[in-house]
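The lines below spell out each chain.
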Amino acid sequence: MATLSMKPGQRFTVPDWHTNAKLISADAESQRSASHRVRQETRALRNETNNQAKWDEHDNQTRLTERISSVNRWKETLDKCLADIDEEIDALAKVKEAAERALQAKNLSLDVAIECLTLRESRRAIDVVRDPVEDELHKEVKVIDKAKRELQQRVNEAFEQLCHLQEARQQLSFDHRGKMEALEIDRVCLSLSVNSPNISFKVNPTRVPNGSTAVDEWEQNSQYNKDHAEAEMKASTKLREVIMLAIAQTNNELEAQRVATEFALRKRIRDMERAYDELKWQERNTLEEITEMEEDIRRLEEDLRRKMQDLKVAHTRLETRTYRPNVELCRDQVQYGLTDEVHQLEGIIRALKLKLAEAQDALDALYRQLYRIQTDMGYKANSLVLDNKCMDSRRKLMVPAEKFVPEVDTFNRTTNRAPSPLKNGQLELA
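Residues numbered from 1 in each chain as written. Predicted model: local features only at pLDDT ≥ 70, side-chain atom pairs only at ≥ 80, totals over all residues. Heavy atoms only, no water.

Under the annotation held in an unreviewed UniProt entry, the protein carries the name Tektin and is attributed to Asarcornis scutulata. A UniProt comment under Sequence similarities (unreviewed entry) is attached to the protein, and it reads "Belongs to the tektin family." On record in UniProt, under Subcellular location (unreviewed entry), the comment for the protein is "Cytoplasm, Cytoskeleton, Cilium axoneme". (UniProt positions renumbered as here; feature names shortened; annotations may be inferred.)

## Description of the pattern of salt bridges
Applying the stated rule across the entire model yields 37 salt bridges. With its nearest N and O atoms 2.2 Å apart, the salt bridge here joins Arg274 to Asp271. Of the two residues, Arg274 and Asp271 are both situated in helix α3 (residues 215–321); the distance of three residues between them amounts to about one turn of the helix. The residue Arg395 makes a salt bridge to Asp392 at a minimum N-O spacing of 3.5 Å. Given a relative accessible area of 24%, Arg395 falls into the partly exposed group. Owing to a relative accessible area of 13%, Asp392 belongs among the buried residues under this scheme. Each of Arg120, Arg123, Asp131, Glu134, Arg268 and Asp387 takes part in a single network of salt bridges with overlapping partners. (Salt bridge = Lys/Arg side-chain N within 4 Å of Asp/Glu carboxyl O. Helix = DSSP H or I, 4+ residues; strand = E, 2+ residues; numbered from the N terminus. Buried < 20%, exposed > 50% of the residue type's maximum accessible area, 1.4 Å probe, protein only.)

## A few points about unusual backbone geometry
Backbone geometry at Ala125 places phi at a positive 55°, although glycine is not the residue there. Tracing the backbone through its elements, the reader meets Ala125 in the loop between α1 (14–120) and α2 (132–191). On the accessibility criterion, Ala125 (47% relative accessible area) is partly exposed. With phi around 45°, Asn326 is a residue other than glycine that occupies positive phi space.

## Comments concerning the environment of Ile185
Counting through the fold element by element, Ile185 comes out in helix α2. A relative accessible area of 51% places Ile185 in the exposed class. The spatial distance from the C-alpha of Ile185 to the C-alpha of Ile68 is 9.6 Å, given a sequence separation of 117 residues.

## Considering the packing of α3 against helix α4 (residues 333–394)
The packing of two helices is summarised by the inter-axis angle and the distance between the axes. Close contact between α3 and α4 brings their axes to 5 Å; oriented N to C, the two are set at 165°. Taken together, α3 and α4 sit at an angle that is classed as roughly antiparallel. Like other packed secondary-structure pairs, α3 and α4 cross with a definite hand, here left-handed. Residue composition of the contact of α3 with α4, grouped by class: 36 nonpolar, ten polar and 23 charged. (Axes fitted to C-alpha atoms, helices over the stretch in contact; angles between N-to-C directions. Parallel < 35°, antiparallel > 145°, perpendicular 65-115°, else oblique. Left-handed = near helix turned anticlockwise from the far one by under 90°. Nonpolar A, V, L, I, M, F, W, Y, C, P; charged D, E, K, R; others polar.)

## Comments concerning the UniProt feature "coiled-coil region" (unreviewed entry) in the protein
UniProt marks residues 134–161 and 269–369 with the feature "coiled-coil region" (unreviewed entry), using the numbering shown here. Between the end C-alpha atoms of residues 134–161 there is a gap of 40 Å, over a span that is 100% helix and 0% strand.

## Quick word on the packing of α1 against α2
Contact geometry of α1 with α2 gives a least axis separation of 6 Å together with a crossing angle of 165°. One element, α1, and the other, α2, form an angle in the roughly antiparallel class. Seen along the crossing, α1 lies across α2 with a hand that is left-handed. When its residues are assigned to classes, the contact of α1 with α2 shows 35 nonpolar, eleven polar and 18 charged.

## What about a nonpolar patch on the surface?
On the surface, a nonpolar cluster with roughly 220 Å² of combined accessible area is contributed by Val188, Leu192 and Ile199. By secondary structure assignment, the location of Ile199 is in the loop between α2 and α3. (Patch = residues over 30% accessible without salt bridge, like charges linked within 9 Å, V, L, I, M, F, W, Y side chains within 5 Å. Areas by Shrake-Rupley, 256 points an atom, 1.4 Å probe, with all protein chains shown as cover.)

In structure tokens form, the structure reads like this:
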């Protein structure tokens, strides 16, 4: 019989085999137990991390939402503040333009007042008087100068306040743009998810960026911009009220002064017309008196000539009677009568000559007075023309310049008329 070949090697016993089986079973049990423990720990970790991640994401979503809401509230506050400051800038600009127009209008009033003063400088002689009209015109110039200075100051203040408002608006606008950009960024962050296509790992994302501010600083900055803008708007509102009050006050003062000036000017014109009428009446009466005086002088001269002829007759009679012969040359009643007549006529002639000289002096005085009256009438007529021109010029203060048409001079009295020349034989006056 053939024999079985035997492989060389270690032979294990049956107990070894059982022991080995038990070891393998025990190791398997141990590995399964360890695996089970790991699986339980893994599940717990997964649940915990998933919950933590979800809650963290939820919390951050909530924080982002709240942050967006907070930034949006500030944006809306800044929107309203920007609208208010724009409205205030527009209102102040309009008030400033109104003040500038009022200031420009004062130039016309000043030009008219100076024009009236210049016109009245053309008055002549006694009419160059410091009357109430001139006083009121000088007051008017002072009132206008004061009003212009005040309005110019208000315009300058309005310009400075507009600069402050623009600066505050620029700060608000800068803050508003920042809020808009932050809102856009946070809304983008709020919309991100694991399915978003543009997510990726970043280098050191947890770093604190340069220029970062704390929430309190962020809040204080926006609050400061808002408070600063509101303070400037409040100051602007107060300034607008002051400017409108200044415009109204200066207009009222100037209107009151204008009324006073025109009242004085009208009164002066009435006084001048009465004075002119009085001079006209004096001229007429003086001319009548001159006519009567000339007639009386003519009669005096005729009487004087007749008395001279009578004296010649008396002289001739006396002289002729001296040629009576001898005893006929007696001093009879005729001689005495003729002698008395000569003496009487000589006295009459002396009285007539004296009265003629007195009448001639009175006539010369009348002519001088007539010249003075007519000269003064010329002055008054010139002054009336000038004052009426002043009244006509002042109509520009009531009528728009484009509608202003100078009135025709209705003063039909003698204007700048030279005095009547003295008659021949009358005394020339310097």
